[in-house]
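Read off the chains here:
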Amino acid sequence: MTQDELKQAVARAAIDYVVDGEIIGVGTGSTANFFIDELAKIKDRIKGTVASSEATAARLRAHGIEVYDLNEVESIAVYIDGADEITDTGAMIKGGGAALTREKIVASVSKRFVCIADGSKLVGTMGTFPLPVEVLPMARAAVMRQLAALGGQPRVRTVVASDDIFITDNGGEIIDVAGLSITDPVALEAQINQIVGVIAVGLFAARGADVCLLGTADGVKTLTF
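Rules behind the numbers
Residues numbered from 1 in each chain as written. Predicted model: local features only at pLDDT ≥ 70, side-chain atom pairs only at ≥ 80, totals over all residues. Heavy atoms only, no water. Pairing = 2+ DSSP bridges. Helix = DSSP H or I, 4+ residues; strand = E, 2+ residues; numbered from the N terminus. Axes fitted to C-alpha atoms, helices over the stretch in contact; angles between N-to-C directions. Parallel < 35°, antiparallel > 145°, perpendicular 65-115°, else oblique. Left-handed = near helix turned anticlockwise from the far one by under 90°. Contact = heavy atoms within 4.5 Å. Nonpolar A, V, L, I, M, F, W, Y, C, P; charged D, E, K, R; others polar. Patch = residues over 30% accessible without salt bridge, like charges linked within 9 Å, V, L, I, M, F, W, Y side chains within 5 Å. Areas by Shrake-Rupley, 256 points an atom, 1.4 Å probe, with all protein chains shown as cover. Salt bridge = Lys/Arg side-chain N within 4 Å of Asp/Glu carboxyl O.

Structural notes on the sheet that holds strand β11 (residues 203–204)
Moving on, step 1. Spatial ordering of the open sheet is given by β4-β5-β11, a layout of three strands whose pairing is antiparallel. On the outer flanks of this sheet lie β4 (85–86) and β11, each paired with one strand and no other.
Moving on, step 2. As judged from the two bridges shared by β4 and strand β5 (residues 92–93), these two strands associate in the antiparallel manner. Bridge pairing in β5 places I86 opposite M92.

Structural data, given as structure tokens:
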């Protein structure tokens, strides 16, 4: 199976976790996009959605799915999103799609977090995928120095095929930190969160996934944490 076919398989499997009549949190990225396309087939069963990015909101609305501002809802039954890396404890690196801050907010208020990913995303120790950190623009250089002191190799994310700095939906910038071996993701998440100027770090460990639907050549495997 191709990587896209694996993503489609877990997107279809995630529909079983959608709660009828409730608000559904929807993530950002290629795997989440497959889920949105599947969600469109049962859109009449849900009350609506909360999107983790402007791109996700646009895709949902294009399918005729109601999108609510988080401030308009009291609770989210389930949040469904992908991951760049996930461990067998449910800790994740997220933010390859630059939506880590809103993803983390939506996940924090959701009753259940279902991660959907192809099998290549399951790792023993996170850090091969560079860790995204969203920062206030004025704090970029100061934060990079502190991330380097932690043993990482920080680099400012730029627009594809351009030297322009990438700007997030929140007006922040992304620093991608390579070279880390993340053996204690909860502690590192807390440490980076304390750096002044950091908006959010793409470690989802203090609030990780509850379930991971993992696409493999042998079918979709379900991991619970």
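And the narrative resumes.
A word on the packing of helix α1 (residues 3–14) against helix α2 (residues 30–39)
Moving on, step 1. Between α1 and α2, whose axes approach to 8 Å, the crossing angle comes to 50°. Considering the angle they form, α1 stands oblique to α2. Considering only the axes of α1 and α2, their crossing is right-handed. Judged by residue contacts, D4, K7, Q8, V10, A11, R12 and A14 of α1 engage S30, T31, F34, F35 and E38 from α2.
Moving on, step 2. Its residues assigned to classes, the contact of α1 with α2 shows five nonpolar, three polar and four charged.

Some thoughts on a nonpolar patch on the surface
Moving on, step 1. Judged by side-chain polarity, L136, M138 and I199 come together as a nonpolar surface patch covering roughly 330 Å² of accessible area.
Moving on, step 2. In this structure, I199 sits in strand β10 (residues 198–201).

Some thoughts on the packing of α2 against helix α3 (residues 54–62)
Moving on, step 1. It is at 10 Å that the axes of α2 and α3 come closest, and there the two elements cross at 25°. Regarding the angle of α2 to α3, the classification is roughly parallel. Both α2 and α3 take part in a crossing whose hand is right-handed. Counted together, N33, I36, D37 and L39 of α2 and T56, R59 and L60 of α3 form the full contact between these two elements.
Moving on, step 2. For the contact of α2 with α3, the residue count by class is three nonpolar, two polar and two charged.

Read these as spatial facts, not as claims about activity.
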